[in-house]
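# Chain and residue survey
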Amino acid sequence: MTTATTTIHVRAVAATPLYGATCDLCPSWSGQVTDDLDAHMWDVRMHAAQHPDPNAGALWTPGSIAPLPPTRGQEVGEVPVYRVICDECPGYEGAGGTDHDRVTTYAELHQAVHTAYQLMRAEYFASPTIAAHRAAVQADPGRWGHFRTSW
């Protein structure tokens, strides 16, 4: 049985920002660093609620610089987003994420699809090999774009 080597890569395809928070009134406090913007905004608002607003009721003079709130969020960096890329499957959209080890596991699951397909062809499409290929496809979290999902 001759097996062709498949070319499956785990590549960084984008980056997502990381958010953190600081407070001028509490120098020892630092907000949780996260890539979830909603959780970050909630963290900033919850901490800001502990401090009364010193500018409450003050009138803003046009042309002057508005005072900064003591608790504020900011981008503190970014983390790469990895995705499985297969050169043999042009319509394949590999599963992705920020955890490199997990995406490497996704690549191994896609490799199992290729292995099961090669075995299925070598065994002349016997029923057990078809079932094994179908199971491998279902275990792969990636998607094939060439399948029609609606008519």
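Everything below is about the structure shown above.
Residue numbers here run from 1 along each chain, matching the order of that chain's written sequence. In keeping with the model being predicted, local features are shown solely for residues with a pLDDT of at least 70 and side-chain atom pairs are shown and tallied solely at 80 or more, while totals for entire chains, interfaces and linings include all residues. Side-chain figures throughout are based on the complete set of non-hydrogen atoms in the structure, without hydrogens or water.

## Describing the nonpolar core
A general trend in soluble globular proteins is that nonpolar side chains are found buried together. Buried Ala, Val, Leu, Ile, Met, Phe, Trp, Tyr and Cys residues that are joined via side-chain atoms within 4.5 Å together make up what is termed a nonpolar core. In this scheme, a residue with accessible area under 20% of its type's maximum is buried, one over 50% is exposed, and one in between is partly exposed, where area comes from a 1.4 Å probe on protein chains only. Formed by 13 residues in total, the largest nonpolar core has its most connected members in Val84, Cys89, Tyr92, Val103, Tyr106 and Trp144. Only runs of H or I of at least four residues qualify as helices and only runs of E of at least two qualify as strands under DSSP, and these elements are numbered from the N terminus. Those elements that place two or more of their residues in this core are strand E2 (71–86) and helix H2 (100–122). Note on contacts: a residue pair is in contact if any heavy atoms of the two residues lie within 4.5 Å. Setting aside chain neighbours within four positions, we find Val84 in contact with Ile8, His9, Tyr92, Gly94, Ala95, Val103, Tyr106 and Ala107.

## Structural notes on the sheet that holds strand E1 (residues 8–23)
By the convention used here, strands pair only if DSSP detects at least 2 bridges between them. With respect to topology, three strands assemble into an open sheet ordered E1-E2-E4, the strand pairing being antiparallel. The two strands at the open ends of the sheet, each matched to only one other strand, are E1 and strand E4 (96–97). Seen against the sheet, helix H1 (residues 37–48) touches E1 and E2 and runs at an angle of roughly 165° to E2. Helix axes are fitted only over the stretch in contact, all axes being lines through C-alpha atoms; the angle between N-to-C directions runs from 0 to 180 degrees.

## Digging into the pairing of E2
As defined by bridge partners, E1 adjoins E2 across 15 bridges and the pair is classed as antiparallel. Note on E2: the bridge partner recorded for Leu18 is Gly77. Bridging between E2 and E4 involves two bridges; their strand directions are antiparallel. The residue of E4 that forms the bridge with Arg83 is Gly96.

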